[in-house]
Amino acid sequence: MKRFNFVFTVIVMLFLYIPMIVLGVASFNAGTDIAVFKGFTLENYSELFVDKTLIPLLLNSLILAVLSSLIATVLGTMASMGIHSMGRRMRSLTMGMTNIPLTNPEIVTGVSMGLLFAFIGIILKTQNVLGFTTLLIAHVTFNLPYVILSVMPKLTQMDPNLEEAALDLGCTPRQAFFKVVLHEILPGIISGALMAFTMSLDDFVISYFVYGPSFRTLPLEIYSMVKKPLQPKIYALFTLLFISILLVMCVMNLLQARDEKRGHNLTHKRRRNV
Amino acid sequence: MAKELIRLVNCQMAFDDEIVLDSINLYINDKEFLTLLGPSGCGKTTTLRIIGGFLQPTSGDVLFDGERINDVPPHRRKVNTVFQKYALFPHLDVYDNIAFGLRIAKLPEDEVDRRVTEMLGIVSLKGFEDRKISSLSGGQQQRVAIARALVNRPKVLLLDEPLGALDLRLRKDMQNELKRIQQAMGITFIYVTHDQEEALSMSDTIVVMDKGKIQQIGRPEDIYNEPKNAFVADFIGESNILDGIMRADRLVEFFGRKFVCVDSGFEKDEPVDVVIRPEDIDIVAPDAGHLCGTVTSVTFKGVHYDTIVDFKGFKWLIQTTDFCPEGSVIGIRLNPEDIHIMHKSEYSGMFGDYSSYSAEYDEIADPEYTEEEDDSESREEERNEE
């Protein structure tokens, strides 16, 4: 039985990761034909780093991802605090409403945002309302639910007396948040921010409907390139992208694992104190 | 007489139309150790939270030093709280937890250091400065919580069942410790508990509460010796409560017999509740007693025997050092001062009959009692090994 489990796990892993392995191998291939491995080379990578179009686009994507995830994290944490202090009925209603955009098809979100911005453009009587700002707004919007979703559980797990203890010891509500509550929910905030960052970095569908000629991101550019045969340096770029997202995910899992361990200790203690 | 510090005037508290506090009137003197005592859900914690500022009463006033403080937020009140589950800050070590309030108040760091060190001495936690909260035992966390509150030199310390989580031995030690700290620092303690023994041994004044109402306020001796109604008589200690009729001042009739007592001021022929404490009853030979009954069960309790005696179908609990075997017929004598008379109340007839007596009454009477108290120790050991 154990052996079967192992074999099965390996098969699933292969199934999940074979595409990435193929891509990785292709990025080191000296030839342009995917079917034939003509020898190991780093040329694709060196070509990538001197590329005049791809690197600025990657920077654009990173700027957008960092900014939108930061803004979403701040707003999402504030929203979570607000939702947390609501009554039980209002809280579950609001949580339901923030969760709906998560399940909404991306293309619907994209089209509706595109329409909204077009409408605003007409009101403002400008031709090119689409650009960096609209992309940023769109990314913050779809990132918000992820942040709220990962901060809320931390708030509900927190001993409500902690905040009261801080107030009791002379903190203003603001001080109580920064000196006590923030420390308690920080793991949730960080994992929310990382999730938002990765979501924003690789988003194509929503971006497609709200971007303008003045500001393009990497996924948009790559999508437009697909019509022509892909250059090998794109494989190199993707491999790097995959590895960096993998790293972010590893960090996130580590944080979660550490947090769970701490949470376990806490419940352990609380059980003793019943 | 000590100065009055806190007064609650007609305080009422309702959550979603459910009244949890009903017109509470209460004053608390400076330097007093006052205990709010009652079963869970009686409104004692709500009262404490109103004084702490975490709840605003639906109606009524809270006065502090004569000033109305209903709208004063917790961080501007001169009271500090020790929470039931301690609520220590897990991201700070022992020292920083205790220093928290002083640093918020922006005291100079050398003053902070002096006071935290002094406080660590008072709660016997010297040498624990750099320990993480999660590495402390329950009793140690408890003392950090007390130190964290007291270091701010509040006028009043609020304690919400602070010993509920500790095992029995530790609880006894901490009771003495708390009383000592209160006397040493000369501040007012308002203490919430459901444990009558704790209340009796520590308090200057006990406020017995049930169903959102104050049942009785008084010194521990008064509460025990002169309970106002069947609820108080039953909740504080053990009581045999019988139906009686007041035939005249200092003369009560029950079980078809007239007894001389010390209570007066009742109407003639008024139906009353008669309280007889199990330890006040003298056992004599069957023919020499006022009443005669049959022993139905005996339980050895260490100091005394819990003896259940059947008197004409009504079972009494008698605590005696004389062993009377099951089935034996005994007589009892009641002295006038052993009989306490109470007016009838809504609680009449609900308590004080030992027909369904169980030898485990102590444990059952304690809602917080769980088997876990035993295995918490073994887990403590586990942790030390880590």
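Residues numbered from 1 in each chain as written. Chains lettered and ligands numbered in written order. Predicted model: local features only at pLDDT ≥ 70, side-chain atom pairs only at ≥ 80, totals over all residues.

Examining the overall build of chain B
From N to C terminus, chain B includes ten helices and 20 strands. Burial analysis of chain B (386 residues in total) assigns 38% to the buried set. Partitioning the intrachain contacts of chain B with sequence separation of at least 6 by distance along the chain shows that 67% fall at a separation of at least 24. (Helix = DSSP H or I, 4+ residues; strand = E, 2+ residues; numbered from the N terminus. Buried ≥ 20, exposed ≤ 12 C-beta atoms within 10 Å, placed from the backbone. Contact = placed C-beta atoms within 7 Å.)

Some points on the confidence of the model for chain B
All names here are of chain B. Chain-level statistics for chain B give a pLDDT mean of 85 and a share of 91% at 70 or above. The secondary structure element of chain B with the lowest average pLDDT is helix α10 (residues 372-385), at 39, and the one with the highest is strand β3 (residues 33-37), at 94. Considering only residues more than four positions removed or in separate chains, one finds that residues 359-386, a stretch of pLDDT under 50, has 16 contacts. Across the interface, the model reports ipTM at 0.77; the global pTM reads 0.77. (pLDDT = per-residue confidence, 0-100.)

Structural notes on unusual backbone geometry
All names here are of chain B. At Lys-31, a position not held by glycine, the phi torsion is positive, near 65°. Even without being a glycine, Lys-211 presents a positive backbone phi close to 50°. One can find Lys-211 in the loop between β9 (205-210) and β10 (213-218).

Examining helix α2 (residues 94-104) of chain B
Residue and element names in this part refer to chain B. Three or more residues of α2 are buried, namely Val-94, Asn-97, Ile-98, Ala-99, Phe-100, Gly-101 and Leu-102. Packing partners of the buried residues in α2 comprise α3 (109-122) and α4 (138-150). At the C-terminal side of α2, Lys-106 shows a positive phi close to 60°.

Description of the sheet that holds strand β11 (residues 240-248) of chain B
All names here are of chain B. Strand order in the open sheet formed by five strands is β13-β12-β11-β14-β20, with antiparallel pairing between adjacent strands. Each edge of the sheet is formed by a strand with only one pairing partner; in this case those strands are β13 (257-260) and β20 (339-343). Ignoring strand direction, the axes of neighbouring strands in this sheet form an average angle of 45°. (Pairing = 2+ DSSP bridges. Axes fitted to C-alpha atoms, helices over the stretch in contact; angles between N-to-C directions.)

Digging into the environment of Lys155(B)
Residue and element names in this part refer to chain B. Inspection of the secondary structure puts Lys-155 in the loop between α4 and β7 (156-160). For the pair Lys-155 and Ile-187, spaced 32 residues apart in the sequence, the C-alpha separation amounts to 5.8 Å. Not counting residues up to four positions away in its chain, the partners in contact with Lys-155 are Leu-5, Lys-78, Val-79, Ile-187 and Thr-188.

Some thoughts on α4(B)
An α-helical turn contains 3.6 residues, so any two residues separated by three or four positions project in the same direction. Residues and elements named next belong to chain B. Compared with the 18 Å implied by 1.5 Å per residue over 13 residues, the 18 Å span of α4 between its first and last C-alpha is a close match. Where burial is concerned, most of α4 is hidden: ten out of the 13 residues are buried. Those residues of α4 that sit buried are Gln-141, Gln-142, Arg-143, Val-144, Ala-145, Ile-146, Ala-147, Arg-148, Ala-149 and Leu-150. Buried-residue contacts for α4 involve β6 (79-82), α2, α3, β7 and α5 (168-185). (Expected span 1.5 Å × (residues − 1).)

Regarding the pairing of strand β16 (residues 291-300) of chain B
All names here are of chain B. Across four bridges, β16 lies against strand β19 (residues 329-333) in antiparallel orientation. Residue pairing for β19: Cys-292 is matched across the bridge by Gly-331. Alignment of β16 against strand β17 (residues 305-311), held across six bridges, turns out to be antiparallel. Along β17, the bridge assignment pairs Thr-294 with Asp-310.

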